[in-house]
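Structure assessment
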Amino acid sequence: MKIRFFEEISSNAHVALNTMQYDGWLIRFANGHTNRANSVSVIYPSTISLDVKVPQCEEIYKKANLPCVFKLTEEDSELNEYLEAHGYEAVTPTDVMILNLRDKAFQKGECVFSKEPTEEWLHAYFTFEGFTDITKQETFRQMLSKVLVDTIYCSVIKDGEVAACASAAIEQGYMLLQNVVVSPAYRGHGYGKTVCESLIAQAKENGAHHTYLQVVRENATAVNMYLKLGYERVYTYWYMKK
């Protein structure tokens, strides 16, 4: 139940442009931007045989000119074994980590907050990520505009310019920390930690009692920072691709 809860609320925070429901599975599309928004999420119980469902998903993504990708968790061992037997391989193992905020205090740095992504925030995010493709930028803008839960966007300011930025989405008291990125000119100086702590402090003021995040296991720098902030692993998800 805990995994299903986090899978539900995280999908409301990182929104695809289109979603199909298929016998307990969510088939998501966002012009190929991010695996999360372009994969089959296995959230609810199924009734149809995998021999029917998997080929059907493959056909749906083929029509959309996208690869068929499955997002699995530790509860999906049967489907994982099936996909492995049919040429799929696991990629990008990602840990979901959580932090109870009830007895924690975080300080805000020199930051700018907004409820919607401002042009300044978007410009900084695109620049820091090296995100130059205009079509992909527009897809990302559309994805952010479709988020219906409460959001906070944060920029850390240093010498009059953005040094780091991140965003949060809050649902049922749980804040998803995401889109954390630091300017190449300011990396290694603690600004990633500052933007995270500032967002957490702001979200707590807005009623959040827990914060959670999704971090790729191979990103050792980010994992270490989140551990130092007090986050603990809850479960792991990964993608299955041919």
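Read on for an overview of the structure. (Residues numbered from 1 in each chain as written. Predicted model: local features only at pLDDT ≥ 70, side-chain atom pairs only at ≥ 80, totals over all residues. Heavy atoms only, no water.)

With that out of the way, let us pick up the layout of surface pockets. Taken as a whole, the largest pocket spans an internal volume of roughly 1100 Å³. In terms of lining, the largest pocket is formed by 38 residues, of which the most central are Glu129, Asn179, Val180, Asn219 and Tyr226. Mapped onto the lining of the largest pocket, the elements with two or more residues apiece are β5 (89–100), α4 (119–129), β9 (174–182), α6 (191–205), β10 (210–216), α7 (220–229) and β11 (232–241). Taken as a whole, the second largest pocket encloses approximately 340 Å³ of empty space. If you go around the second largest pocket, you meet 17 residues; those closest to its centre are Val42, Tyr44, Ser46, Glu75 and Asp76. Elements supplying a minimum of two residues to the lining of the second largest pocket: α1 (2–13) and α3 (77–85). Of the residues contributing to the lining of the second largest pocket, the split by class is nine nonpolar, three polar and five charged. (1 Å grid on protein atoms, 1.4 Å probe; cavity = no way out; pocket = protein on both sides within 12 Å on 5 of 7 lines; lining within 4 Å. Points joined across faces, edges and corners; volume = space filled by probe spheres on them. Helix = DSSP H or I, 4+ residues; strand = E, 2+ residues; numbered from the N terminus. Nonpolar A, V, L, I, M, F, W, Y, C, P; charged D, E, K, R; others polar.)

Further remarks concern α1. Over its twelve residues, α1 runs 17 Å from end to end, which matches the ideal 16 Å to within 8%, given 1.5 Å per residue. Among the residues making up α1, those that are buried are Ile3, Phe6, Glu7, Ile9, Ser10, Ser11 and Ala13. (Expected span 1.5 Å × (residues − 1). Buried < 20%, exposed > 50% of the residue type's maximum accessible area, 1.4 Å probe, protein only.)

Per the counting criterion, the structure on display carries nine salt bridges. For the salt bridge of glutamate 7 with lysine 71, the shortest nitrogen-to-oxygen distance reads 2.5 Å. A residue pair is termed long-range when its members are at least 10 positions apart, and glutamate 7 in helix α1 and lysine 71 in strand β4 (residues 70–73) qualify at 64 residues. With respect to burial, glutamate 7 and lysine 71 carry one shared label: buried. Among the ionic pairs, glutamate 205 bridges to lysine 108, the shortest N-O distance being 3.1 Å. Pair noted here: glutamate 205 is in helix α6 and lysine 108 is in the loop between β5 and β6 (111–114), with a separation of 97 residues, a long-range link. Residue glutamate 205 is classed as exposed on the basis of its relative accessible area, which comes to 57%. (Salt bridge = Lys/Arg side-chain N within 4 Å of Asp/Glu carboxyl O.)

To continue, consider the packing of aromatic side chains. Overall, the coordinates contain 18 aromatic pairs when judged by the stated rule. For the pair phenylalanine 29 and tyrosine 61, a centre-to-centre distance of 5.0 Å together with 40 degrees between the ring planes defines the contact as tilted. You can see phenylalanine 29 sitting in strand β2 (residues 25–29) and its partner tyrosine 61 sitting in helix α2 (residues 50–63), a full 32 residues away along the chain. Here the aromatic rings of tyrosine 125 and phenylalanine 126 are separated by 6.2 Å at their centres, their planes lie at 65 degrees, and the arrangement is edge-to-face. Through pairs of rings, three or more aromatic residues link up here, namely Trp121, Tyr125, Phe126, Phe131, Phe140 and Tyr153. In this arrangement the basic side chain of lysine 53 is found over the ring face of tyrosine 22, its NZ or CZ atom lying 5.4 Å from the centre. Positioned over the ring face of tryptophan 25 is lysine 53, at 3.7 Å from the centre of the ring. (Phe/Tyr/Trp six-rings, centres within 6.5 Å; stacked < 30°, edge-to-face > 60°. Lys NZ or Arg CZ within 6 Å of the ring centre and 35° of its normal.)

Time to look at the nonpolar core. Met175, Leu177, Leu199, Tyr226 and Tyr231 are the most contacted members of the largest nonpolar core, which has 33 residues in total. Secondary-structure elements contributing two or more residues to this core are β5, β7 (150–158), β8 (161–171), β9, α6, β10 and α7. Per element, the largest residue contribution to this core is seven residues, and it comes from α6. Look past the residues within four positions of tyrosine 231 in its chain and what remains in contact with it is Met97, Ile98, Leu99, Leu177, Ile200, Thr211, Tyr212, Leu213 and Tyr226. Counting residues in each nonpolar core, the second largest holds 21 residues, with Ile27, Leu66, Cys68 and Leu72 among its members. (Core = buried A, V, L, I, M, F, W, Y, C linked by side-chain atoms within 4.5 Å. Contact = heavy atoms within 4.5 Å.)

This next bit is on the pairing of strand β1 (residues 18–22). Where β1 lies against β2, five bridges are found, and the strand directions are antiparallel. Bridging from a neighbouring strand, threonine 19 pairs with arginine 28 of β2. In this antiparallel pair of consecutive strands, β1 and β2, the connection spans two residues, and aspartate 23 shows a positive phi of 50 degrees. (Pairing = 2+ DSSP bridges.)

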